[in-house]
Amino acid sequence: MKKTNSYTSDNNEFDVSVKRLGHEKYILTLYVTGMTPKSTKAVNNLNEICGKHLKGRYSLEIVDLYENP
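Residues numbered from 1 in each chain as written. Predicted model: local features only at pLDDT ≥ 70, side-chain atom pairs only at ≥ 80, totals over all residues. Heavy atoms only, no water.

*Asks:* So what's going on with the overall build of the protein chain? Which residues, and what values?
*Replies:* The helix and strand inventory of the protein chain stands at one helix and four strands. Secondary structure of the protein chain in N-to-C order comes out as β-β-β-α-β. Out of the 69 residues belonging to the protein chain, those deemed buried represent 28%. For the protein chain, contacts bridging at least 24 residues in sequence account for 41% of all contacts bridging at least 6. (Helix = DSSP H or I, 4+ residues; strand = E, 2+ residues; numbered from the N terminus. Buried < 20%, exposed > 50% of the residue type's maximum accessible area, 1.4 Å probe, protein only. Contact = heavy atoms within 4.5 Å.)

This is how it looks when you write it as structure tokens:
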């Protein structure tokens, strides 16, 4: 199962894609447009949320669309 959500914050848009592997592990991909302070905050927020709710059951990949379009 793959689910994608888009979030817009001021002039930056963030996409998060989630793949569920069985019942144990989640692979999250956060798409950002440049490593701006807002992008860094999004990464930190996502790590904090996942650390609380998915501790040990997730991996996070950050894709900067400016570097890897």
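*Asks:* How would you explain the pattern of salt bridges if you had to name every residue and give the values?
*Replies:* For side chains bearing opposite charge, pairing can occur when the charged atoms are close. All told, the structure shown has one salt bridge when counted by the stated rule. The residue lysine 52 makes a salt bridge to glutamate 48 at a minimum N-O spacing of 3.6 Å. A residue pair is termed a helical-turn pair when its members lie 3 or 4 positions apart in one helix, as lysine 52 and glutamate 48 do in helix α1 (residues 37–53) at four residues. (Salt bridge = Lys/Arg side-chain N within 4 Å of Asp/Glu carboxyl O.)

*Asks:* How would you summarise the pairing of strand β4 (residues 58–64) if you had to cite specific residues and measurements?
*Replies:* Sheet topology places strand β3 (residues 25–32) next to β4; seven bridges connect them, and they run parallel. Across the sheet, the residue bridging to isoleucine 27 is serine 59, located in β4. Chirality of the crossover, the property in question, places the unit of β3, α1 and β4 among those that are right-handed. (Pairing = 2+ DSSP bridges. Right-handed = clockwise from strand over helix to strand, strands pointing away.)

*Asks:* A description of α1 should follow, citing residues and the corresponding values.
*Replies:* For α1, spanning 17 residues, the distance from its first C-alpha to its last is 24 Å, which sits close to the expected 24 Å at 1.5 Å a residue. Of all the residues in α1, the buried ones are Ser39, Ala42, Val43, Leu46 and Cys50. Down the axis of α1, the smallest arc covering the buried residues is 100°, so these residues share one side. Away from the buried face of α1 by more than 90 degrees, exposed residues Pro37, Lys41 and Lys52 are located. (Expected span 1.5 Å × (residues − 1). Arc of directions from axis to C-beta.)

*Asks:* Requested: an account of the environment of lysine 25, with residues and values cited.
*Replies:* Position of lysine 25 among the secondary structure elements: in strand β3. The spacing of lysine 25 and serine 59 is 34 residues in sequence and 7.9 Å in space, taken between C-alpha atoms.

*Asks:* Now, about the side chain of aspartate 64: what can you tell me, with residues and values included?
*Replies:* Along the polypeptide, aspartate 64 turns up in strand β4. Here aspartate 64 is buried and forms no salt bridge, its nearest opposite-charge partner lysine 38 lying at an N-O distance of 15 Å. Side-chain polar atoms of aspartate 64 contact the backbone nitrogen of glycine 34, separated by 2.9 Å. Apart from the residues lying within four places of it in its own chain, the contact partners of aspartate 64 are Val32, Thr33, Gly34 and Met35. (Lys, Arg positive; Asp, Glu negative; His and termini not counted. Polar contact = N/O pair within 3.5 Å; in protein donor to acceptor, adjacent residues only side chain to side chain.)

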